[in-house]
Amino acid sequence: MTGEVGSPLAVTDRLVLREVHSSDMAVIERMWRDPVMRRYLGGPVSDVEVAERRRYDQAGGLMVATHSGEAVGRCHLGRYRTGDLELSYVFLPEWWGSGYAREACAAAIGLAFDRFPDAARLIAVTQEANTRSVRLLEALGMVRVDAFEEFAARQVMYAIDRPWAARMRAQQ
């Protein structure tokens with residue numbers, strides 16, 4: 001997490017993806033605590049866990065904001081336990097249904113393959129019951145590659161490989 005505002009990492013028609021800054025902490029804490037946003041993410045995070053998370057390095061975190069600077073969500077690029085490059089995301093409920101998640105995640109996919117040249121594919125994992133997230137991943141051109149039980153819920157893994165992502169990006 002940085003304290004200064006730097007140049008955007010990706011810009012879309014309506015959004016800017018940038019590094020997470022210390023000034024984003026209130027929005028991020030809302031994302032950790034909000035029961036609506038955390039419905040498929042294990043529920044709201046406890047005060048103890050929030051305090052611990054504040055200490056974590058936010059490397060890989062991308063704040064998603066409108067061009068006017070209003071935060072709409074967050075994407076994260078990191079390594080999954082399999083070693084695969086992983087995209088995760090959360091968006092503020094007041095922005096749901098506006099296409100911002102799709103726009104931001106599409107930009108994050110392109111950014112992921114640019115920033116991680118060794119990655120052959122990018123994965124995302126969500127609860128199977130999270131039908132909005134499943135539809136989003138499929139709309140992004142990701143394909144279901146696995147399903148498993150974890151955290152007392154059925155999880156599904158989606159993936160997109162580098163060549164397919166490049167073709168999807170060229171079509172946008």
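Let me sum up the structure you'll find in this document. Computed from a prediction, not measured in an experiment: that's the story for all the values here.

## Thoughts on the overall build of the protein
- Helices and strands together make up the secondary structure of the protein, namely five helices and eight strands.
- Taking 2.2 N^0.38 as the reference for a compact globule, 172 residues should give roughly 16 Å; the C-alpha atoms of the protein span a radius of gyration of 15 Å, in line with that estimate.
- On the principal axes, the C-alpha backbone points of the protein span a range of 40 × 40 × 30 Å.
- Buried residues in the protein amount to 48% of all 172 residues.
- Once local pairs closer than 6 in sequence are excluded, the contacts in the protein between residues at least 24 apart make up 55%.
- Approximately 9,100 Å² of the protein is accessible, and the part contributed by carbon and sulfur atoms is 52%.
- Measuring between centres, the 22 positive side-chain charges of the protein sit 3 Å from its 23 negative side-chain charges.

## Side note on helix 1 (residues 25-33)
- Buried within helix 1 we find M25, I28, E29, M31 and W32. Looking straight down helix 1, one finds its buried side chains confined to an arc of 155 degrees; they lie on one side.
- The elements touched by buried residues of helix 1 are helix 2 (47-55), strand 3 (61-66), strand 4 (71-79) and strand 5 (85-91).

Rules used throughout
- Residues numbered from 1 in each chain as written.
- Predicted model: local features only at pLDDT ≥ 70, side-chain atom pairs only at ≥ 80, totals over all residues.
- Heavy atoms only, no water.
- Helix = DSSP H or I, 4+ residues; strand = E, 2+ residues; numbered from the N terminus.
- Rg over C-alpha atoms; globule rule 2.2 N^0.38 Å.
- Buried < 20%, exposed > 50% of the residue type's maximum accessible area, 1.4 Å probe, protein only.
- Contact = heavy atoms within 4.5 Å.
- Areas by Shrake-Rupley, 256 points an atom, 1.4 Å probe, with all protein chains shown as cover.
- Lys, Arg positive; Asp, Glu negative; His and termini not counted.
- Charge placed at Lys NZ, Arg CZ, Asp CG, Glu CD.
- Arc of directions from axis to C-beta.

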